[in-house]
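Fold and contact review
Residue-level listing of the chains:
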Amino acid sequence: MDLQITLKETVTVRPCEQSNTQTIDLSGLDRMSPAILYMIFFFKSQLKKEIDHVERAKKALQKVLSQWYPAAGRFKFHGTTGKLEIDCNDEGVAMVTALTKSRLEELGCLHEYKPCYEKLVPKLPEANDISENPLVVVQMTKFACGGISIGIGGSHALFDGVGAFNFLAAWANTSKGKDDSNLVAPNHSRAALLQAIYSPNSSPKTSSIYEQEHIAAIQDLYGIPMEAMASDDRCWETALSKFGQIEPQGELALVTLSVQKEVVERLKVLATKESGKLSKCSTFDILCAHVWKARVTALKLHPDTKICLQFPVDSRSRFHPPLGKNFSGNAIVLASVSCLVRELLEEPLNYTIQRIQAAKGVITDEYIKLYAKALETSDKFLPSMRELTIVTDWLKFPLHALDFGWGRVSTAALLATPVPETAFLMPNLEESGGFLVRIGIKRQYVQNLLSKFNDFNYTSNSSSSSTYN
């Protein structure tokens, strides 16, 4: 459908208290993807007329930015090293308010991506310098039915998923007027990571990212026949100036797949009790294995093609000393599994899950520090490729609990992502206990993906449903 939006106001929201002017040095984990990640939260509840939701949210954001001050800063490049940094200059967050005559029910299933959703997030003008664009942008749109959407975009170099959710939770709690005395103050410093990376006794010593034989996530990618793209931080500047722009999806389809809780629970039993091969199996393990098999099958790769699965692991508690739950920066390290296509498609589900669990076990304190060190010395980054499947776990984020003072989130939708082929695992807020998988795939492979993903018949028939745009 075509969504007609009337923009009312665009303001810059700054911290209500001036923060200490400082520059935050970023780690290689932060600089891997400085692009903005966009998400929309829908609230179906009728708003009470006496509630000025925009003013309430704006004042709450001002207060929250006093602690989450990097979000009000801007990117800059270090004059000597050329590496990306955050200038905490209180330049503020861009906030747009808008109206539409449409009703939420006219949008159909809200968690499915629709092109008209691009109108529910702010679109930044193309900047000649990355320091001109905000790191966080917000759009609040009121619908004719009384519902509301909050479209938010935040740079991945600013927060990882954990940090972003903690920021949203702090903003929502403050907007609702909850006592924030029990909220843990965020830690924005990357000093612990950087000190470990630049310790005189740290390794590796080599300057080439492809010579890190001890880092599976790097070696697995190097083993895939592909053409690497040479770059360094300075070469990113032109691309980064456009990091707020939403790229047209072209021939890429953003597919939404839904899975019932009962299906996942049955497969857990199959993978553990019936196979006798596993002592435990998480929802992530099941969905990650199934998504990998379904995507590889859909792409019809040659049986002897080497393929790779990678998934982010939160290293906050695995790093020594622990970074802490309040660490707001990127603590994500990629776990990696590689094999041939025929091996993946011929092996039983429980064997694929064993591969995934083993990959998690590799993410130790030593591995994290070596991985981060390798990213610091890297002079290359990798393009997306068919042989690589990335699965991101958002299952544990209680998105449904976000309440800005006018009711809890009804559902959420993800927009364009830095690597659109990535599969995001999310709770289905419209189906209690259900799960969603949002993934990008070229349109010629969509029907293949739907067919394979809907086939959970590892031993018996089951059901799921899928939709796509």
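First things first, this report covers the structure right here in the doc.

Reading the values: rules and limits
- Residues numbered from 1 in each chain as written.
- Predicted model: local features only at pLDDT ≥ 70, side-chain atom pairs only at ≥ 80, totals over all residues.
- Heavy atoms only, no water.
- Helix = DSSP H or I, 4+ residues; strand = E, 2+ residues; numbered from the N terminus.
- Buried < 20%, exposed > 50% of the residue type's maximum accessible area, 1.4 Å probe, protein only.
- Contact = heavy atoms within 4.5 Å.
- Areas by Shrake-Rupley, 256 points an atom, 1.4 Å probe, with all protein chains shown as cover.
- Axes fitted to C-alpha atoms, helices over the stretch in contact; angles between N-to-C directions.
- Parallel < 35°, antiparallel > 145°, perpendicular 65-115°, else oblique.
- Left-handed = near helix turned anticlockwise from the far one by under 90°.
- Nonpolar A, V, L, I, M, F, W, Y, C, P; charged D, E, K, R; others polar.
- Polar contact = N/O pair within 3.5 Å; in protein donor to acceptor, adjacent residues only side chain to side chain.
- Phe/Tyr/Trp six-rings, centres within 6.5 Å; stacked < 30°, edge-to-face > 60°.
- Lys NZ or Arg CZ within 6 Å of the ring centre and 35° of its normal.
- 1 Å grid on protein atoms, 1.4 Å probe; cavity = no way out; pocket = protein on both sides within 12 Å on 5 of 7 lines; lining within 4 Å.
- Points joined across faces, edges and corners; volume = space filled by probe spheres on them.
- Pairing = 2+ DSSP bridges.

1. What to know about the overall build of the protein
- In terms of helices and strands, the protein carries twelve helices and 18 strands.
- Evaluated residue by residue, the protein yields a buried proportion of 55% over its 469 residues.
- Across the protein, contacts joining residues at least 24 apart in sequence account for 80% of those joining residues at least 6 apart.
- Counting only carbon and sulfur atoms, one obtains 49% of the accessible surface of the protein, whose full area is about 20,200 Å².

2. Section: the packing of helix H8 (residues 283-299) against helix H10 (residues 349-361)
- Close contact between H8 and H10 brings their axes to 9 Å; oriented N to C, the two are set at 115°. The angle between H8 and H10 falls in the class roughly perpendicular. Of the two possible hands of crossing, H8 and H10 adopt the one that is right-handed. Contacts from Phe284, Asp285, Ile286, Cys288, Ala289, Trp292 and Lys293 in H8 reach Leu349, Thr352, Ile353, Ile356, Gln357 and Lys360 in H10.
- When the residues that make up the contact of H8 with H10 are grouped by side-chain class, the tally is eight nonpolar, two polar and three charged.

3. Brief notes about the side chain of Ser336
- By the element assignment, Ser336 lies in strand S12 (residues 332-340).
- We classify Ser336 as buried; its relative accessible area is 11%.
- A distance of 3.1 Å separates polar atoms of two side chains, one belonging to Ser336 and the other to Gln310.

4. Description of the packing of aromatic side chains
- In total, this model carries 14 aromatic pairs according to the counting rule given.
- A centroid spacing of 5.4 Å and a plane angle of 85° characterise the contact between Trp68 and Phe159, whose relative ring orientation is edge-to-face. Here Trp68 is found in the loop between helix H2 (53-64) and strand S4 (74-77), whereas its partner Phe159 is found in the loop between strand S8 (148-155) and helix H3 (161-176), with 91 residues between them in sequence.
- Here Trp68 falls in the buried class, since its relative accessible area comes to 5%.
- For the ring pair Trp68 and Phe167, a centre distance of 5.6 Å and an interplane angle of 65° mean the geometry is edge-to-face. Residue Trp68 is found in the loop between H2 and S4, and its partner Phe167 is found in helix H3; the two are separated by 99 residues along the sequence.
- Cluster of aromatic residues (ring-pair linked, three or more members): Phe43, Trp171, Phe404 and Trp406.
- Note that Lys369 overlies the ring of Phe319, its terminal NZ or CZ placed 4.9 Å from the centroid.

5. Quick notes on the environment of Ser33
- Counting through the fold element by element, Ser33 comes out in the loop between helix H1 (28-31) and strand S3 (36-43).
- A C-alpha to C-alpha distance of 6.1 Å links Ser33 and Ala157, two positions 124 residues apart in sequence.
- Apart from residues lying up to four places away in sequence, Ser33 is in contact with His156, Ala157 and Pro418.

6. Examining the layout of surface pockets
- Roughly 260 Å³ of volume is contained in the second largest pocket.
- Along its surface, the second largest pocket is lined by 19 residues, and Thr10, Ala94, Lys123, Leu124 and Pro125 are the ones closest to its centre.
- Breaking the lining of the second largest pocket down by element, the ones donating at least two residues are strand S1 (5-13) and strand S6 (93-100).

7. Some details on the side chain of Gln139
- Examined against the element boundaries, Gln139 turns out to sit in strand S7 (residues 136-142).
- Engagement of the side chain of Gln139 in a polar contact is seen with the side chain of Thr141, the distance being 3.1 Å.

8. Details of the sheet that holds S4
- Strand order in the open sheet formed by three strands is S2-S5-S4, with antiparallel pairing between adjacent strands. A single partner strand is all that each edge strand has here, and the edge strands are strand S2 (22-25) and S4. In this sheet, neighbouring strand axes are inclined to one another by 35° on average, regardless of whether the strands run parallel or antiparallel.
- Relative to strand S5 (residues 84-88), S4 runs antiparallel, the two sharing four bridges. Paired with Lys76 across the two strands is Glu85, which belongs to S5.

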